[in-house]
2 protein chains.
Amino acid sequence: METAPRIPAEEADHDISLCPFVVGAWARLLQVAPTLLATVEAELKQAGLPPTQWYDALAALERAPQEAMAPGEIERHLLLTQCTTSRLIDRLVAEGYALRVVNPDDRRRQIVHLSAAGKTLIARMWPVYAAAIRRHVGRKLAPDDAQALIRILEKLA
Amino acid sequence: METAPRIPAEEADHDISLCPFVVGAWARLLQVAPTLLATVEAELKQAGLPPTQWYDALAALERAPQEAMAPGEIERHLLLTQCTTSRLIDRLVAEGYALRVVNPDDRRRQIVHLSAAGKTLIARMWPVYAAAIRRHVGRKLAPDDAQALIRILEKLA
DNA sequence: TGACAATAGATGCATCTGCATATAATTCTG
DNA sequence: CAGAATTATATGCAGATGCATCTATTGTCA
């Protein structure tokens, strides 16, 4: 989480073009993002709510047509691996927040539907989640900063 | 990893002050940082090298006085939890990259020393690590962007 | 001094992840 | 149409993490 040591001697040999700002940006990015996430996750847990990943998945379902998506779509949408997605869906289904339905036309395929309980959960999570984002991001950034951050991060994506 | 849905109806009720840029910045941050990290980790693994965390820990040791630190210092330095740090040190010691020495004056305390093999590993990892950072960060950002990113991330820290 | 608090670190357990592979269903091909 | 290739999803296993707790050692204070 700290990376970017005071540039060691060998750096000059191998990476003349790696300027300190780049290393610094890398180090900060990898320090700040997980720290913020952990803070927000802790606030959700504190409120007796599941992790942000559950929210992300359920919210993606909510705004999909029919409030349903194929596992593969969820995977691409949340940028998860296939096996992580499969098991995330397992947990959502086990808790009753989503339903798996096998596509009768192609029985390899499934459609994951948001359940009523899932909609309720989203509604319960969002206020807590949003408050945490506001507290830990919104309050610390000027509006221009937030825009600039988005612009720069999009270059990195 | 996607977060920040198209703002659901209930948002207005609970979080009037949470502007879309803030939510967008949060979402991008949590999308981009892990993706970049995974990419860089993959390049290290590809080169037969251990994860960035090992580099971070060993590099921290390298520039500490005597090339040694207490576990608690490493923990604070890398922003890890106590148990994560303990087991990270286990692995480094098991591979011979570091040594645990019990402090004779207070046998609860240890000092973790960088070994010669550890120094070698740092030197082997840095070129690969730096090249990956340059490729995935340096090349994508204008110099001003990198500075701006640092400045904004520091506000969030 | 002797019991209790505090500190540094380790560890058992449950959970989560990735990797590789397995399973099941469908499509392609000769 | 049989057999191979492809696609969608699941799963066994190993490794890493957090949480809570445990052990060992030292400090405190009556």
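As a reminder, the structure under discussion sits directly above these lines.
Quick caveat, the model's predicted, so the values are computed rather than measured. (Residues numbered from 1 in each chain as written. Chains lettered and ligands numbered in written order. Predicted model: local features only at pLDDT ≥ 70, side-chain atom pairs only at ≥ 80, totals over all residues. Heavy atoms only, no water.)

Enquirer: Help me out: how do you make sense of the protein's contact with DNA strand D in this one?
Expert: By nearness alone, 20 residues border DNA strand D, and S86, R100 and Q110 of chain A together with T81 and T84 of chain B come closest of all. Taken together, the sugar and phosphate atoms account for 61% of what DNA strand D places within 4 Å of the protein. One of the side-chain nitrogen or oxygen atoms of S86 of chain A is found 2.7 Å away from a phosphate oxygen of DNA strand D. Between DNA strand D and R91 of chain B there is a distance of 3.0 Å, counted from a phosphate oxygen to a side-chain nitrogen or oxygen. For the surface near DNA strand D, the secondary-structure elements that each account for two or more residues are α4 (71–78) and α5 (82–94) of chain A together with α5 (82–94) of chain B. Residue composition of the surface near DNA strand D, grouped by class: three nonpolar, seven polar and 10 charged. (Near = heavy atom within 4 Å. Polar contact = N/O pair within 3.5 Å; in protein donor to acceptor, adjacent residues only side chain to side chain. Helix = DSSP H or I, 4+ residues; strand = E, 2+ residues; numbered from the N terminus. Nonpolar A, V, L, I, M, F, W, Y, C, P; charged D, E, K, R; others polar.)

Enquirer: Got a minute to help me understand the pattern of salt bridges in this structure?
Expert: For side chains of opposite charge, pairing can occur when their charged atoms come near one another. Residue and element names in this part refer to chain A. Considering all chains together, one arrives at 16 salt bridges over all chains under this definition. Linking K119 and E67 is a salt bridge whose minimum nitrogen-to-oxygen distance equals 2.7 Å. Residue K119 is found in helix α6 (residues 116–136), and its partner E67 is found in the loop between α3 (52–62) and β1 (68–69); the two are separated by 52 residues along the sequence. For K119, a relative accessible area of 36% puts it in the partly exposed group. Note that R108 is salt-bridged to D106, the shortest N-O span being 2.8 Å. On the basis of relative accessibility, which here comes to 70%, the residue R108 falls in the exposed class. Within this structure, D106, R108 and R109 form a network of salt bridges that share partners. (Salt bridge = Lys/Arg side-chain N within 4 Å of Asp/Glu carboxyl O. Buried < 20%, exposed > 50% of the residue type's maximum accessible area, 1.4 Å probe, protein only.)

Enquirer: Just to check I follow, could you spell out the side chain of N103 of chain B for this structure?
Expert: Residue and element names in this part refer to chain B. The topology assignment puts N103 in the loop between β2 (98–102) and β3 (110–114). Note on N103: relative accessible area 18%, which makes it buried. Within polar-contact distance, the side chain of N103 engages the backbone nitrogen of D105 at 2.7 Å. Excluding anything up to four places from it in sequence, N103 contacts R109 and Q110. (Contact = heavy atoms within 4.5 Å.)

Enquirer: Any chance you could explain the protein's contact with DNA strand C here in plain terms?
Expert: Around DNA strand C, the surrounding shell holds 20 residues, and the nearest of these are T84 and R87 of chain A together with Q82, S86 and R100 of chain B. In DNA strand C, atoms within 4 Å of the protein come from the sugar-phosphate backbone in 61% of cases. A distance of 3.3 Å separates a base oxygen of DNA strand C from a polar atom in the side chain of R87 of chain B. Its residues placed into classes, the surface near DNA strand C shows three nonpolar, seven polar and 10 charged.

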